[in-house]
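Residues per chain, in single letters:
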Amino acid sequence: MSARTLPLLFLNLGGEMLYILDQRLRAQSIPGEKARKVMNDIITTMFNKKFMEELFKPQELYSKKALRTVYDRLAHASIMRLNQASMDKLYDLMTMAFKYQVLLCPRPKDILLVTFNHLDAIKDFIRDSPNILNQVDETFRQLIDMYSCLSAGEFQLIRQTLLIFFQDMHIRVSIFLKDKVQNSNGRFVLPISDHYLLFKRVEFTNGGNYISPQREGSFDLYGDRVLKLGTNMYSVSRPVETHMSGASKSLASHTKENAAPNPLAKEELNFLARLMGGLEIKKPNGSEPGFRLNLFTTDEEEEHAALTRPEELSYKVINIQATQDQQQNEELARIMGEFEVTDQPRQSTSKGDDLLAMMDEL
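Residues numbered from 1 in each chain as written. Predicted model: local features only at pLDDT ≥ 70, side-chain atom pairs only at ≥ 80, totals over all residues. Heavy atoms only, no water.

Turning next to the overall build of the protein. Across its full length, the protein holds 15 helices and six strands. Burial statistics for the protein: of 362 residues in total, 52% are counted as buried. In the protein, the proportion of contacts linking residues at least 24 apart, taken out of those at least 6 apart, comes to 81%. Carbon and sulfur atoms make up 51% of the accessible area of the protein, which totals about 17,800 Å². (Helix = DSSP H or I, 4+ residues; strand = E, 2+ residues; numbered from the N terminus. Buried < 20%, exposed > 50% of the residue type's maximum accessible area, 1.4 Å probe, protein only. Contact = heavy atoms within 4.5 Å. Areas by Shrake-Rupley, 256 points an atom, 1.4 Å probe, with all protein chains shown as cover.)

Tracing the chain through its elements places Asn48 in the loop between helix 2 (32–46) and helix 3 (49–55). Residue Asn48 is classed as buried on the basis of its relative accessible area of 9%. Looking at Asn48, its side chain comes within polar contact range of the main-chain nitrogen of Phe51, at 3.1 Å. (Polar contact = N/O pair within 3.5 Å; in protein donor to acceptor, adjacent residues only side chain to side chain.)

Let us look at unusual backbone geometry. The phi angle at Ser29 is positive, at roughly 55 degrees, despite the residue not being glycine. Considering the arrangement of structural elements, one finds Ser29 in the loop between helix 1 (6–27) and helix 2. In this structure Ser29 comes out as exposed when scored by relative accessible area, which is 59%. Even without being a glycine, Lys180 presents a positive backbone phi close to 60 degrees. Inspection of the secondary structure puts Lys180 in the loop between helix 9 (174–178) and strand 3 (242–244).

Next up on the list: the side chain of His170. By the secondary structure assignment, His170 is in the loop between helix 8 (152–166) and strand 2 (171–173). For His170, a relative accessible area of 5% gives the class buried. A polar contact is formed between the side chain of His170 and the backbone oxygen of Gln167, at a distance of 3.0 Å.

Turning our attention to the packing of aromatic side chains. This structure, assessed with the given rule, holds 11 aromatic pairs. Seen in terms of ring centroids, Phe98 and Phe166 are 5.8 Å apart; in terms of plane orientation they differ by 80 degrees. Their pairing is edge-to-face. Residue Phe98 is located in helix 5 (residues 84–104), and its partner Phe166 is located in helix 8; the two are separated by 68 residues in the primary sequence. When sorted by exposure, Phe98 lands in the same class as Phe166, which is buried. Taken together, the aromatic side chains of Phe10, Phe51, Tyr71 and Tyr91 make up a single cluster linked through ring pairs. The ring of Phe165 carries Lys64 above its face, with NZ or CZ at 4.9 Å from the centroid. (Phe/Tyr/Trp six-rings, centres within 6.5 Å; stacked < 30°, edge-to-face > 60°. Lys NZ or Arg CZ within 6 Å of the ring centre and 35° of its normal.)

What follows is about helix 7 (residues 130–147). Between its terminal C-alpha atoms helix 7 stretches 25 Å, which fits the 26 Å expected from 18 residues at 1.5 Å a residue. Within helix 7, burial applies to Ile132, Leu133, Val136, Asp137, Thr139, Phe140, Leu143, Met146 and Tyr147. (Expected span 1.5 Å × (residues − 1).)

Once that is clear, we can look at helix 1. When the terminal C-alpha atoms of helix 1 are compared, their 31 Å separation across 22 residues agrees well with the 32 Å that a helix rising 1.5 Å per residue should span. Of the residues trailing helix 1, Ser29 is marked for its positive phi of about 55 degrees.

With that settled, the discussion passes to the confidence of the model for the protein. Summarising the model, the protein shows a mean pLDDT of 76, and 65% of its residues fall at 70 or more. Confidence drops under pLDDT 50 across residues 332–353; counting only partners more than four residues distant or on other chains, this segment forms 36 contacts. The low-confidence segment residues 355–359, where pLDDT is below 50, has 17 contacts with residues more than four positions distant or belonging to other chains. (pLDDT = per-residue confidence, 0-100.)

In this section: the pattern of salt bridges. Summed over all chains, the structure comprises 10 salt bridges. Between Asp88 and Arg68 there is a salt bridge, with the nearest N and O atoms lying 3.0 Å from each other. Of the two residues, Asp88 sits in helix 5 while Arg68 sits in helix 4 (residues 64–75), which places them 20 residues apart along the sequence. Per residue, the accessibility class of Asp88 equals that of Arg68, and both read buried. Residue Arg127 is joined to Asp124 by a salt bridge in which the shortest nitrogen-to-oxygen separation is 3.2 Å. On the basis of relative accessible area, Arg127 is assigned to the exposed category, the value being 55%. Here the salt bridges share partners, and the residues they tie into one network are Arg68, Asp72 and Asp88. (Salt bridge = Lys/Arg side-chain N within 4 Å of Asp/Glu carboxyl O.)

Encoded structure:
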């Protein structure tokens, strides 16, 4: 397992999250000023300097629940609120999209190009906000500094670490099913032909057709990435649905993760406390009324999804009392004792109340 995988996982999943939120904001006809504020607030929080410093420290990957908690908080960094079912769908789309991109990378190092494609698109979202652009550019430079010197073998290890993280996730996504790149059991269809590195060229008469290797993209701050993986597949309006495949409903690993105690629980909570201590969340004030975003076509579909989602695929909310005060960082051990995992889902009286309650406790 590579200790340099977390930044790539977080940034690519975050990029997919922003693609989806941008598409849904437009689909629900949210006023432009509100939509821009949501995107700007989330991106500002995502690329917070202290947050990035913690993220780029060499460390092992943590569980899906732990990372999901970070994205729960990140998605609610502005005046927008998501119901639990919409948050589940958002996370499903994020993870399946990036899993597909990792599987299709022609070379292990191209995972970095996929990341750059996400960051390039994020910069386009905030092109009129120079201060936020500087934050993203700084992360670009951190990526170049950390990963440009890695060998092909180290990138292969990163790719394997990501594939292990995603290996038991087989959620069907309509956009992939329609494009015939995903089977009905939620597994992706990989192309038979592949691209290979050219080591030597010999000319001879032949009667066949051959495809030359795809040229390598630019790993600089600005440049042609060549690779299209990681670009915004929601730029053209297409309805996207997720479905639980039969295989996913019976996965022993999900059941085990929910039932058995996690030996890394203490480390995960330490990790979340550090990470969330760097997240500066601005709660909406009276002059900035919030709104609810629905990732489903109708409220009825959202309610149905919440009722029919398999229990083993539900992500329990992890309540974290994280401090932003640097002087209290040494007290993380004490804070650990205050952490608890909510075993039962919250009963909400209106859409979004469950996550709003969670956010109030963070």
